[in-house]
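Close look at the chain arrangement
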Amino acid sequence: QGSIHWWQTVAVYQIYPRSFQDSNGDGIGDLQGIISRLDYLQDLGIGAIWLSPVYKSPNDDNGYDISDYEDIMTEFGTMGDMEELIAEAKKRQIKIVMDLVVNHTSDEHQWFIESRKSKDNDYRDYYIWRDPVDGHEPNDLRSTFGGSAWQFDSVSGQYYLHLFSKKQPDLNWENLKVREQVWDMMNFWIDKGVGGFRMDVIDLIGKEPDKGITGNGPKLHDYLQEMNKQTFGDKELLTVGETWGATPEIAKQYSDPSRHELSMVFQFEHCGLDQQPDKDKWDLQALSVPALKQVLSKWQTALGDKGWNSLFWNNHDLPRIVSRWGDDGPKYHDVSAKMFAILLHLMKGTPYVYQGEEIGMTNCPVQGIDEVNDIESINMYHERLDLGYPKEQIIQSINAKGRDNARTPMQWNDSPHAGFTTGTPWLHVNPNYKTINVEQNLKDPDSIFHTYKKLIRLRLENPLVVWGEYTLIEDTPENVFAYVRSYADEKWLIVANFDHQKNTLALSDYGMQDDVLISNYPLSRVDLNHYELKPYEAFAIKLK
Ligand code: TEU
Ligand code: CA
């Protein structure tokens, strides 16, 4: 193993502050609310919190459109609250990882307000402005949130680039002044004592829009090596890049320690397995478990000692995994939620737990677009309606993959609004909070929460989980995902039946085993020569 970093042994918990805990009854989560829940997170055993953006923002994209990087969003509280959160978390050995959103700012950021004033303004080339071509957009680059990536600005008669919403103009990273402003801002937060950064769509900062290049541009790694040197390089911070298009080769460029860039990246190859090839996330297809086995196993081995994996099923952009690939009905909700936890948390890499995942929170279907908050879903709805898609099909796509599924308020207890707020929640609470909530999980020693808590502890107590070699077991039924982790003279077998049917396991090499480390059904001995796995059954065994 290479040198040991703290971020290789901990689980990270992602908080979407707007939906975590409201403390002042305005229906919007806030920093004081998070502070009030730190004991819960310490009990879960996590070592860091990735905080989705808390900076000043008009909330066109719920905080991913920043108007002041060095001040706190009014609804979330004050800089004093932020300093208190960092200090209170530190007392509980929990680091705060900030969300670094520097591919773009809000159009209400002072830099853009100046930039759009005139072509010769000092801030003009902080952003990407282009003349019309034949009276139209400079090229056919598209925004992730629908439509052209170019917005016409009548003041100067030019277009500006926005790969996301019109209110999220892309920064011009070729401009050294932009980079220096980012370094200054990052050092402002490092001086505040943050534990690292999650870097929003960081693969886009090397874009070359005139050539239609967005991700993985030629200067991307130069910028990241400059960032490393100018800010966190000589400190023990967790830095994780969000890199949608990364392959293992590209991931090694970001996370090979000798390149002095980042600790790790979020890659999303597994997240694309239930969308039709060459289509959008909205164009659904069933998950192939064999494909999932192949993709996750590839990533477990491909980085070798030239990088480090992040492990996740969920985040604030993804549907809830128990609804997406498990079974969120009453029969298999708990066992399938636990299966995902056992399968993922005993792999090699840093695991990320998204708020509510640890209690099996589910998707929250809507009937109509009026119930939807997320700009991405709303823009897609209107775009596809205009293209003639049936409304029912569009709503079905939103219910399967829409980002609001991950953003309904955290379900703390069975009191009104699930204990999230005493006011009116900014987004509907999932009606199943009556049975799916933290209080109920804490009381039940066999709950999903206690499965996560035990897995996090297994990682902290066993070097095998952090460093062990990964080997996929090929000889299993297609929907059974089994792998071995080996370290020194220790071997663990992890098995997950990704199916609502029973499946038979026949691993004659291992025979009778009775050292069960964790399971989602009662289990003490397993004859691996012939074992009938129950629906969604998962376990980990220390092999003799
Ligand atoms: O997401 C990057 C991104 O492209 C996602 O929006 C994704 O493509 C889409 O949601 C489909 O799943 C990051 C943030 O995580 C997201 O919340 C922001 O909306 C986006 O960047 C812009 O900052
Ligand atoms: Ca509030």
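Sequence order as written defines residue numbering, which begins from 1 separately in each chain. Labels are handed out in written order, letters beginning with A for the chains and numbers beginning with 1 for the ligands. Local features in this predicted model are restricted to residues of pLDDT 70 or higher, and side-chain atom pairs are both shown and tallied only at a pLDDT of 80 or more, whereas totals for entire chains, interfaces and linings draw on every residue. Note: side-chain values were computed over all heavy atoms of the structure, leaving out hydrogens and water.

Looking up the chain in an unreviewed UniProt entry gives the name Alpha-glucosidase, with the organism given as Sporolactobacillus kofuensis. UniProt positions are given in the numbering used here, feature names are shortened, and annotations may be inferred rather than shown by experiment. Under the heading Sequence similarities (unreviewed entry), UniProt records this for the chain: "Belongs to the glycosyl hydrolase 13 family."

1. Let's talk about the layout of surface pockets
Space inside and on the surface of the protein is sampled on a 1 Å grid over the protein atoms alone, with a cavity defined as a set of points where a 1.4 Å probe fits but cannot get out and a pocket as an open set with protein on both sides within 12 Å along at least 5 of 7 lines; lining residues have an atom within 4 Å of a point. Grid points are joined across faces, edges and corners, and a volume is the space filled by probe spheres set on the points. In this model, the largest pocket occupies a volume close to 1200 Å³. Counting residues per element, the lining of the largest pocket draws most heavily on helix 11 (residues 375–386), at five residues. Ten residue types, Ala, Val, Leu, Ile, Met, Phe, Trp, Tyr, Cys and Pro, are classed as nonpolar, four, Asp, Glu, Lys and Arg, as charged, and the remainder, Gly among them, as polar. For the lining of the largest pocket, the class distribution of residues is 16 nonpolar, 14 polar and 19 charged. Secondary structure is summarised from DSSP: a helix means a run of H or I of at least four residues, a strand means a run of E of at least two, and numbering begins at the N terminus for each.

2. Digging into the coordination of the calcium ion (ligand 2)
For the calcium ion (ligand 2), the protein coordination sphere consists of Asp-22 (OD), Asn-24 (OD1), Asp-26 (OD), Ile-28 (O) and Asp-30 (OD), at 2.2 to 2.4 Å. Written as a sequence motif, the donor arrangement for the calcium ion (ligand 2) is D-x1-N-x1-D-x1-I-x1-D. Note on classification: 1.4 Å probe, protein chains only; a residue is buried when its accessible area is under 20% of the maximum for its type, exposed when over 50%, partly exposed between these limits. By relative accessible area, Ile-28 is classed as buried at 13%. Only nitrogen, oxygen and sulfur atoms qualify as donors, provided they sit within 2.8 Å of the metal or within 3.2 Å for Na, K and Ca; with water excluded from the atoms, sites may seem incomplete.

3. Here's the deal with the side chain of Gln-355
With respect to the secondary-structure elements, Gln-355 resides in the loop between strand 13 (350–354) and helix 11. Residue contacts follow a heavy-atom distance rule, with two residues in contact if any of their heavy atoms lie within 4.5 Å. Leaving out residues up to four positions away in the same chain, Gln-355 has contacts with Tyr-13, Gln-14, Ile-15, Tyr-16, Ser-19, Phe-20, Arg-320 and Met-410.

4. Details of the packing of helix 10 (residues 333–345) against helix 14 (residues 448–461)
For helices, the fitted line uses only the C-alpha atoms of the stretch in contact; every axis is such a line through C-alpha atoms, and the angle between N-to-C directions lies from 0 to 180 degrees. The interhelical angle for the contact between helix 10 and helix 14, taken along N-to-C directions, is 10 degrees, at an axis separation of 9 Å. Accordingly, the angle class assigned to the pair helix 10 and helix 14 is roughly parallel. Together, His-333, Asp-334, Ala-337, Lys-338, Ala-341, Ile-342 and His-345 of helix 10 and Ile-448, Thr-451, Tyr-452, Leu-455, Ile-456 and Arg-459 of helix 14 make up the contact between the two elements. The residue inventory of the contact of helix 10 with helix 14, partitioned by class, reads seven nonpolar, three polar and three charged. Angles are sorted into four bins: roughly parallel if under 35 degrees, roughly antiparallel if over 145, roughly perpendicular if 65 to 115, and oblique for all others.

5. What to know about the packing of aromatic side chains
To describe a pair of aromatic rings, you give the distance between the ring centres and the angle between the ring planes. Stacked, tilted and edge-to-face pairs are distinguished by plane angle, under 30 degrees for stacked and over 60 for edge-to-face with tilted covering the rest, among Phe, Tyr and Trp rings (Trp via its six-membered ring) whose centres lie within 6.5 Å. Per the counting criterion, the structure on display carries 32 aromatic pairs. Ring centres of Tyr-13 and Phe-20 lie 6.1 Å apart, and the angle between their planes is 70 degrees; this geometry places the pair in the edge-to-face category. With respect to class, Tyr-13 is no different from Phe-20; both count as buried. By way of ring pairs, the aromatic residues Tyr-55, Tyr-69, Trp-111, Tyr-123, Tyr-126, Phe-188 and Trp-189 are connected into one cluster. For Arg-124, the ring lying beneath its charged end belongs to Trp-129, and the centroid distance is 3.7 Å. Counting as a charge over the ring demands two things of the Lys NZ or Arg CZ atom: a distance within 6 Å of the ring centre and an angle within 35 degrees of the ring normal.

6. Side note on helix 6 (residues 220–230)
Within helix 6 the residues assigned to the buried category are Leu-220, His-221, Tyr-223, Leu-224, Met-227 and Asn-228. Down the axis, helix 6 shows its buried residues gathered within 155 degrees of arc, on one side only. As used here, the arc is the angular range of directions from the helix axis to the C-beta atoms.

7. Let's talk about a negative patch on the surface
Patch rule: a residue counts if its relative accessible area is over 30% and it has no salt bridge; like charges are joined within 9 Å, and nonpolar side chains (Val, Leu, Ile, Met, Phe, Trp, Tyr) within 5 Å. Per-residue and other accessible areas follow the Shrake-Rupley method at a 1.4 Å probe size, with only the shown protein chains counted as cover for residues. Salt bridge, as used here, is a side-chain nitrogen of Lys or Arg placed within 4 Å of a carboxyl oxygen of Asp or Glu. Lys and Arg are tallied as positive, Asp and Glu as negative. Neither His nor the chain termini are counted. For the purpose of locating charges, the reference atoms are NZ of Lys, CZ of Arg, CG of Asp and CD of Glu. Side chains of Asp-68, Glu-70, Glu-180 and Asp-184 sit close together on the surface and give a patch of like negative charge. Secondary structure elements with two or more residues in the negative patch: strand 4 (68–72) and helix 5 (176–191). Within the secondary structure, Glu-70 sits in strand 4.

8. Some details on empty space enclosed by the protein
Scanning the entire structure with this criterion turns up six cavities of 30 Å³ or more. Put simply, the largest cavity is a space of about 80 Å³. Every residue lining the largest cavity is listed: Gln-267, His-270, Leu-296, Trp-299, Gln-300, Asn-309, Ser-310, Leu-311, Phe-312, Leu-344 and Met-347. Grouping the constituent residues of the lining of the largest cavity by class yields six nonpolar, five polar and no charged.

9. Considering the sheet that holds strand 19 (residues 516–519)
We call two strands paired when DSSP finds no fewer than two bridges between them. Strands sit in the order 14-15-16-22-19 across an open sheet of five strands; the sheet is antiparallel. Pairing within the sheet leaves two strands with one partner each, and these edge strands are strand 14 (469–472) and strand 19. For this sheet, the mean inter-axis angle between neighbouring strands, taken without regard to orientation, is 15 degrees. Here strand 19 pairs with strand 22 (residues 538–542) via three bridges, running antiparallel. By the bridge assignment for strand 22, Ile-518 is matched with Ala-540. Running over the sheet, helix 14 touches strand 16 (490–497) and strand 19 and is turned about 145 degrees from strand 19.

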